[in-house]
Amino acid sequence: MSDLTSPFPTLPAPADPMAAALALAEHAVGVSEPNPRVGCVITSADGRWLLGQGHTQAVGSAHAEIMALRDAQARGHDVRGATAWVTLEPCAHHGRTPPCCDALVAAGMARVVAAVGDPNPLVNGQGMARLRAAGVSADWGPPTHALAATELNIGFFSRMQRQRPWVRLKMAGSLDGRTALANGVSQWITSPEARADGHAWRRRAGAVLTGIQTALADDPMLDVRHVPTQVQPVRVVLDSHLRLPPTARLLQSGSPVWLYTAVPANDARIASWQARSVRVRSVPDAATGRVDLHAVLADLTTQSINELHIEAGATLNGAWLAAGMVDEIVLYLAPMLLGQGAGLAHLGPWADLTPALRWQWQQIERIGPDLRLTARSAPPALVR
Ligand SMILES: NC(=O)C1=CN([C@@H]2O[C@H](COP(=O)(O)OP(=O)(O)OC[C@H]3O[C@@H](n4cnc5c(N)ncnc54)[C@H](OP(=O)(O)O)[C@@H]3O)[C@@H](O)[C@H]2O)C=CC1
Ligand SMILES: Nc1c(N[C@@H]2O[C@H](COP(=O)(O)O)[C@@H](O)[C@H]2O)[nH]c(=O)[nH]c1=O
């Protein structure tokens, strides 16, 4: 390995190549949706040099392995006999792009280390098997990296393994648990820092969802604008009776808007919304006369939504929670007392504590003057 013939400096290999690949994978957030966020680092046979690196690009463009191979080529490095450290098992199928395991074999890679298996039924171990069949040493990295790689793609894992998105409920409340004053005013309870942090969670999502009452009260945009992103989530409103006014701000610009309603599929208003490029699905819940939340999740799955970000009022928050369909709560708390007003979620009333919904704290962090608390209903399943 010499610098003399290359216009690029030869870089030393990172001490922990898989950790470096994971850091690259983070850059695919807000870029690769709905494809998984993957990073790849290629090191020389003796482990001393970094030959190439990359992460997943926009859907339909190159995966991490291909970007790393291209990077090595651009740096003038020969990757024959090298090791590829990739945060997700290389794909073995022809999707929008050809199989990455074949590209690694063709490039003459001697060894491939993957952090975690790809739960996509079209891959699911076949990437590693194909590499081994071609004489490449293919093994798994340590469990800590597997966990980090899964966390980064928690929605992709959820959709592949459970056939439903990872559902995250974001709430912004006061110290006394209020999300709005009694008259509906709620802007702003939390600080600009906390709201920017909230946009970073929106960026992770394929869809941001709210209820019609919030759409009417706040006229929200529901987009990602306080942090950079290449891909905007779709905006979803649950609107049983199609009350959303055509003047709503979110209809004026930005990513697609999808409405779920309880009016019959043949209602003329649905056709008129669709003529305005608003996707409308009729999913009535016969018991409540409102939108059927199970049907919403099922439809979002067919639309390849990995992470669903809910930002609604106490009514809809309570409905999602009562239905047992929320995986994670992201709660911002501002150090202010609002007194009377709306709580976090309408649940109950219960006569005793038995039916209380119990959660596990995940993380607590200070964001500017506020707190961010995350909690989960259950730890994620890890598949290899
Ligand atoms: N601080 C914060 O984090 C936030 C605060 N807010 C505040 O919350 C207030 C609005 O909250 P809220 O009135 O509770 O409204 P929501 O945003 O929770 O919307 C509730 C409405 O959603 C519709 N809906 C459709 N399907 C369902 C279903 N299956 N279950 C329940 N509801 C369904 C219903 O109207 P229909 O049947 O007519 O369709 C229902 O009235 C505003 O003041 C807003 O500012 C809002 C978001 C976040
Ligand atoms: N009030 C409140 C929040 N409210 C949420 O933000 C939405 C507005 O989104 P946008 O129009 O895109 O800025 C609003 O409708 C509600 O869902 N969020 C917070 O982080 N902190 C807050 O204090």
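Quick notes on the rules
- Residues numbered from 1 in each chain as written.
- Chains lettered and ligands numbered in written order.
- Predicted model: local features only at pLDDT ≥ 70, side-chain atom pairs only at ≥ 80, totals over all residues.
- Helix = DSSP H or I, 4+ residues; strand = E, 2+ residues; numbered from the N terminus.
- Rg over C-alpha atoms; globule rule 2.2 N^0.38 Å.
- Buried ≥ 20, exposed ≤ 12 C-beta atoms within 10 Å, placed from the backbone.
- Contact = placed C-beta atoms within 7 Å.
- Pairing = 2+ DSSP bridges.
- Axes fitted to C-alpha atoms, helices over the stretch in contact; angles between N-to-C directions.
- Near = placed C-beta within 6 Å.
- Nonpolar A, V, L, I, M, F, W, Y, C, P; charged D, E, K, R; others polar.
- UniProt positions renumbered as here; feature names shortened; annotations may be inferred.
- pLDDT = per-residue confidence, 0-100.
- Domains from an automatic or database assignment.

### Observations concerning the overall build of the chain
So, point 1. In terms of helices and strands, the chain carries 12 helices and 17 strands.
So, point 2. A compact globule built from 384 residues would reach a C-alpha radius of gyration of about 21 Å, and the chain, at 23 Å, matches this within 12%.
So, point 3. For the chain, the residues scored as buried account for 45% of the 384 residues in total.
So, point 4. The long-range fraction of contacts in the chain, counting pairs at least 24 apart against all pairs at least 6 apart in sequence, stands at 71%.

### Things to note about the sheet that holds strand E4 (residues 83–86)
For sheets, the rule is that strands pair by backbone hydrogen bonds, running either parallel or antiparallel.
So, point 1. Taken together, the six strands give an open sheet; going across it, the order is E1-E3-E2-E4-E5-E6, and neighbouring strands pair in mixed fashion. At either margin of the open sheet sits one strand with a lone partner, and together these are strand E1 (11–12) and strand E6 (137–140).
So, point 2. Along the sheet, helix H1 (residues 17–26) makes contact with strand E2 (39–43), strand E3 (49–55), E4 and strand E5 (111–114), crossing E2 at roughly 145°.

### Overview of the site of ligand 1
So, point 1. Surrounding ligand 1, one finds 30 residues, the nearest of these being Gly211, Gln213, Ser240, Gly313 and Thr315.
So, point 2. For the shell around ligand 1, the secondary-structure elements that each account for two or more residues are strand E7 (166–174), strand E9 (207–211), helix H8 (212–218) and helix H12 (314–322).
So, point 3. Top element by residues in the shell around ligand 1 is H8. It accounts for five residues.
So, point 4. Considered class by class, the residues forming the shell around ligand 1 number 14 nonpolar, 11 polar and five charged.

### What about the UniProt feature "active site" (unreviewed entry) in the chain?
So, point 1. UniProt feature "active site" (unreviewed entry): in the numbering of this structure it lies at Glu65.
So, point 2. Position of Glu65 among the secondary structure elements: in helix H2 (residues 64–74).
So, point 3. Setting aside chain neighbours within four positions, we find Glu65 in contact with Cys40, Ala84, Val86, Pro90, Cys100, Ala103 and Leu104.

### Focus on the environment of Asp16
So, point 1. Take Asp16: it is sitting in the loop between E1 and H1.
So, point 2. Residue classification places Asp16 among the partly exposed positions, given that 15 C-beta atoms sit within 10 Å.
So, point 3. As a C-alpha pair, Asp16 and Trp85 span 69 residues in sequence and 9.8 Å in three-dimensional space.

### Points about the sheet that holds strand E11 (residues 257–261)
So, point 1. Spatially, the nine strands line up as an open sheet ordered E12-E11-E10-E9-E13-E7-E14-E17-E16, and their pairing is mixed. Where the open sheet ends on each side, the last strands, each with one partner, are strand E12 (279–282) and strand E16 (360–367). The mean angle between the axes of side-by-side strands here comes to 20°, regardless of whether they run parallel or antiparallel.

### Quick word on the environment of Leu209
So, point 1. Positionally, Leu209 belongs in strand E9.
So, point 2. What makes Leu209 buried here is the crowd of 27 C-beta atoms within 10 Å.
So, point 3. For the pair Leu209 and Arg195, spaced 14 residues apart in sequence, the C-alpha separation works out to 16 Å.
So, point 4. The residues contacting Leu209, other than those within four sequence positions of it, are Val236, Leu238, Leu308, His309, Ile310 and Ala312.

### Concerning unusual backbone geometry
So, point 1. The step from Glu33 to Pro34 runs through a cis peptide bond, and the omega angle for that step is 0°.
So, point 2. Along the polypeptide, Pro34 turns up in the loop between H1 and E2.
So, point 3. Cis peptide bonds are those with omega within 30 degrees of zero, and the linkage from Gly348 to Pro349 qualifies with 5°.
So, point 4. With respect to the secondary-structure elements, Pro349 resides in the loop between strand E15 (341–342) and E16.
So, point 5. Even without being a glycine, Gln163 presents a positive backbone phi close to 55°.

### Remarks on the confidence of the model for the chain
So, point 1. Scored by pLDDT, the chain has a mean of 95; 96% of the residues are at 70 or more.
So, point 2. Counting contacts from residues 380–384, a segment whose pLDDT is below 50, to residues more than four positions away or on other chains yields 15 contacts.

### Some remarks on the domain arrangement of the chain
So, point 1. Taken domain by domain, the chain holds domain 1 (12–156) and domain 2 (164–349 + 356–376).
So, point 2. Computed from C-alpha coordinates alone, the two centres of domain 1 and domain 2 are separated by 34 Å.
So, point 3. Counting residues at the interface gives nine residues for domain 1, matched by 11 residues for domain 2.
So, point 4. A per-class count over the side of domain 1 that touches domain 2 returns six nonpolar, two polar and one charged.

### Points about helix H6 (residues 154–162)
So, point 1. Of all the positions in H6, only Gly155, Phe156, Phe157, Ser158 and Arg159 are classed as buried.
So, point 2. Where H6 is buried, its residues contact helix H5 (143–152), E7, helix H11 (293–302) and strand E13 (307–310).
So, point 3. The first or second residue beyond H6 is Gln163, which carries a positive phi of 55°.

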